[in-house]
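Chain by chain, the residues:
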Amino acid sequence: MPPASLRTICLDRTYEQLRERFWKSCTPNPFSNLPTVLVDGLMKLTQSHDEDDPPEISDVILLLTSGRLTCLNLCPFDLEVEIDLILRKKNGRGCSSSQNLCSLSEDLVYKMISWNPHLKELHLKIRPNIEVFRKCRKLRILRFYNQLEKFPFHNLRKFHSDFPIDLSVLSCLRDLEVLYVPDMDTDTIVKVLDISPKIISLGLVDSLDAMEEIFLRPLTESSLNFDADSHFQLRRCVW
């Protein structure tokens with residue numbers, strides 16, 4: 001195995017210092033003027049944690065508030081558990097209901113996305129207020145994932161497969177190339193392609209029926225958002 005590069009060593013050490021709160025009292029944010037590639041590299045290290053030692057938002061809050069992230073993957077974080085622990089420390093008790101905990105998690109995700117206007121890639125297990133994506137005009141990859149939500153105040157595990165999304169938001173995302181929403185049905189896929197015909201991937205959903213439906217529509221009824229000489233860009237299809 002080749003030795004780690006100097007860049008990798010520096011990123012690892014900086015990440016360790018972030019977790020140790022080395023820059024906790026620094027103002028302004030010392031990461032606000034770093035190149036985006038370095039801030040993204042530091043944030044990517046959160047994915048190296050195993051399930052028994054998940055990263056915490058407090059570990060990387062300076063990265064999240066730097067405004068320099070272009071890629072944000074919040075899947076490694078257990079936001080519900082973190083929020084519940086914060087409430088326990090602050091109020092002496094955890095969140096009163098799973099609905100409140102979910103709402104607080106969505107609000108936190110909304111804030112983290114709002115802090116980073118240069119995002120090009122976003123991976124989420126929790127769906128925030130969809131309006132926040134209107135601020136992400138540079139977004140190229142948007143992926144939602146199903147998850148097992150674990151609420152610390154009981155043993156219930158609930159599988160979330162419902163990810164409603166206001167498709168009109170897609171019209172603001174001119175650079176969007178990849179969109180994955182779990183369990184999209186044919187009608188939803190048709191609407192997505194109507195609004196964003198330049199998408200190249202819809203993830204692990206079968207788009208064949210939707211393509212057939214669009215192809216069979218009379219041309220006069222087509223509301224496709226591109227010129228007649230244009231065509232779909234889908235290249236990664238599950239058929």
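Basis of the calculations
- Residues numbered from 1 in each chain as written.
- Predicted model: local features only at pLDDT ≥ 70, side-chain atom pairs only at ≥ 80, totals over all residues.
- Heavy atoms only, no water.
- Helix = DSSP H or I, 4+ residues; strand = E, 2+ residues; numbered from the N terminus.
- Contact = heavy atoms within 4.5 Å.
- Axes fitted to C-alpha atoms, helices over the stretch in contact; angles between N-to-C directions.
- Parallel < 35°, antiparallel > 145°, perpendicular 65-115°, else oblique.
- Left-handed = near helix turned anticlockwise from the far one by under 90°.
- Nonpolar A, V, L, I, M, F, W, Y, C, P; charged D, E, K, R; others polar.

Per an unreviewed UniProt entry, the chain goes by F-box domain-containing protein and derives from Araneus ventricosus.

1. A look at the environment of Leu119
Secondary-structure assignment places Leu119 in the loop between helix 5 (98-114) and strand 2 (121-124). Along the backbone, Leu119 and Cys136 are 17 residues apart, and their C-alpha atoms lie at a distance of 6.2 Å. The contacts of Leu119, once residues within four sequence positions are left out, are Leu69, Thr70, Cys71, Leu72, Ile113, Lys138 and Leu139.

2. Remarks on the packing of helix 6 (residues 186-195) against helix 7 (residues 208-216)
Interhelical geometry of helix 6 versus helix 7 gives an angle of 60° and a closest axis separation of 8 Å. By the angle between their axes, helix 6 is oblique relative to helix 7. Pair helix 6 / helix 7 crosses with right-handed handedness. Here helix 6 contributes Thr186, Asp187, Ile189, Val190 and Leu193 to the contact with helix 7, which in turn contributes Asp209, Ala210, Met211, Glu213 and Ile214.

3. Quick look at the packing of helix 1 (residues 6-19) against helix 2 (residues 36-44)
It is at 9 Å that the axes of helix 1 and helix 2 come closest, and there the two elements cross at 65°. The element helix 1 and its partner helix 2 pack so that their crossing is right-handed. Seen from helix 1, the contacting residues are Arg7, Leu11, Thr14 and Tyr15; seen from helix 2, they are Val37, Leu38, Gly41 and Leu42. When its residues are assigned to classes, the contact of helix 1 with helix 2 shows five nonpolar, two polar and one charged.

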